[in-house]
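Residue-level listing of the chains:
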2 protein chains.
Amino acid sequence: MVVHQRPTDVPEHRDQDLITLLRARGQRVTSQRLVILRELRRRGRHATAEEIYHAVRRDLPGTSTPTVYATLDLLVDLGLARKIDAGLGASLYDPRTEPHQHMVCRRCGRIEDVDGELDARALLRTASGQGFTADRVELVLHGVCATCLTT
Amino acid sequence: MVVHQRPTDVPEHRDQDLITLLRARGQRVTSQRLVILRELRRRGRHATAEEIYHAVRRDLPGTSTPTVYATLDLLVDLGLARKIDAGLGASLYDPRTEPHQHMVCRRCGRIEDVDGELDARALLRTASGQGFTADRVELVLHGVCATCLTT
DNA sequence: ATTGGTGCAAATCCTTTGCAATAGC
DNA sequence: GCTATTGCAAAGGATTTGCACCAAT
């Protein structure tokens, strides 16, 4: 059986956005950056820096933790990933940048996506539809305060 | 000038809820627990464990960090405080248990309350009324997932 | 008198830093 | 060749652990 690959199924074709963004900033396109982004996208969901680190070291053995952290933060900065603080020890890096939020199971620690806009009422309804019983909502706004805006 | 104190202005009178809750669980009423709760309430807003630690050590010199952490988590467990992960290094412990959320200034790190229910749209409006320009909303639901519920 | 709580020191976990070596441009 | 990136080792900050002692019940 022949599997027809669409262009985006070929990893190299998916890197264009990263390459373009880096070039636009005068930053370098390195194999670490490409491999880390590919790994994050291959997984398709939030992952810890450590998970990415171990996976990437199979493709690119010498890779270090500082590089993984720096690169993941760079991807966030470029808008290719989101950083999520789910209140567990480690931060999560998510290749899905569309509006969606997260629910954390207190018992098993599993973290699942909840799609939908930021209406918390609707979000709770969706979560419940996925069988998740939420009893706590943590909402944090990030931005710039009045004082800093005028300084 | 004579200042008339209402009963709740006398620290000892505010401890009743903690004492009652501890007794109901068969847990001990210790001076550390009382002093830590009083300090959190005296401040009236979210504080880090470290801030509480330093303040408490003035009243009760020998107090240790493990005790402060354990006690703050106990207060959360008893429903007398909330634990907030604002995505900065340290967790915050908040004596305000009513529904309210937080906004974090990316520049100065200041964390302010945003009162109101969990309708994110209304919350963003309130934040904007307080001069805060929010460009990122982080919402995490905590609870129990479908799998764990049936196990 | 019991044993839950505490203090101390040390460990752990996640993340960042300093600096020399390397690899993109 | 220039200098941004990298790897290594080590530091850093927040929180937790192990264990002997103390103090609330």
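Look a little higher up for the structure.
Below, the structure is looked at part by part.

Definitions and cut-offs
- Residues numbered from 1 in each chain as written.
- Chains lettered and ligands numbered in written order.
- Predicted model: local features only at pLDDT ≥ 70, side-chain atom pairs only at ≥ 80, totals over all residues.
- Heavy atoms only, no water.
- Pairing = 2+ DSSP bridges.
- Helix = DSSP H or I, 4+ residues; strand = E, 2+ residues; numbered from the N terminus.
- Buried < 20%, exposed > 50% of the residue type's maximum accessible area, 1.4 Å probe, protein only.
- Near = heavy atom within 4 Å.
- Polar contact = N/O pair within 3.5 Å; in protein donor to acceptor, adjacent residues only side chain to side chain.
- Nonpolar A, V, L, I, M, F, W, Y, C, P; charged D, E, K, R; others polar.
- Axes fitted to C-alpha atoms, helices over the stretch in contact; angles between N-to-C directions.
- Parallel < 35°, antiparallel > 145°, perpendicular 65-115°, else oblique.
- Left-handed = near helix turned anticlockwise from the far one by under 90°.
- Contact = heavy atoms within 4.5 Å.

Take the sheet that holds strand β2 (residues 82-84) of chain B next. Paired through their backbone hydrogen bonds, the strands of a sheet run either parallel or antiparallel. Residues and elements named next belong to chain B. The antiparallel open sheet is built from three strands, whose spatial order is β1-β3-β2. Taken across any chain shown, the strands that pair with only one partner, and hence form the sheet edges, are β1 (47-48) and β2. Across three bridges, β2 lies against strand β3 (residues 92-94) in antiparallel orientation. Bridge assignment links Arg82 to a residue of β3, and that residue is Asp94.

Here the focus is the pairing of strand β4 (residues 100-105) of chain A. Among the six residues in β4(A), six count as buried, and that is most of the element. Because side chains alternate across β4(A), one face comprises the buried residues His100(A), His102(A) and Val104(A), and the other comprises Gln101(A), Met103(A) and Cys105(A), equally buried. Examined bridge by bridge, β4(A) and strand β5 (residues 111-115) of chain A share five bridges and lie antiparallel to one another. Paired with His102(A) across the bridge in β5(A) is Asp113(A). In this sheet, strand β6 (residues 133-144) of chain B lies alongside β4(A) in parallel orientation, the contact comprising four bridges. Along β6(B), the bridge assignment pairs His102(A) with Val140(B).

A word on the protein's contact with DNA strand D. Residues in contact with DNA strand D amount to 18 residues; listed here are only the nearest, Arg28(A), Thr30(A), Thr67(A), Tyr69(B) and Ser91(B). Sugar and phosphate atoms represent 67% of those atoms of DNA strand D found within 4 Å of the protein. Between Ser64(A) and DNA strand D, the recorded distance is 3.2 Å, taken from a backbone N or O atom to a phosphate oxygen. Within the backbone of Val29(B), a nitrogen or oxygen atom sits 3.2 Å from a phosphate oxygen of DNA strand D. Elements that contribute at least two residues to the surface near DNA strand D include exactly α3 (31-43) and α5 (65-77) of chain A together with α5 (65-77) of chain B. With three residues, the single largest contributor to the surface near DNA strand D is α5(B). Among the residues forming the surface near DNA strand D, the class breakdown is five nonpolar, eight polar and five charged.

Before going further, it helps to examine the packing of helix α4 (residues 49-59) of chain A against α5(A). Residue and element names in this part refer to chain A. At their nearest, the axes of α4 and α5 sit 10 Å apart, and the two run at 120 degrees to each other. Relative to α5, α4 is oriented oblique. Taken as a pair, α4 and α5 cross one another with a handedness that is right-handed. On α5, the residues touching Ala49, Ile52 and Tyr53 of α4 are Thr65, Val68, Tyr69 and Leu72.

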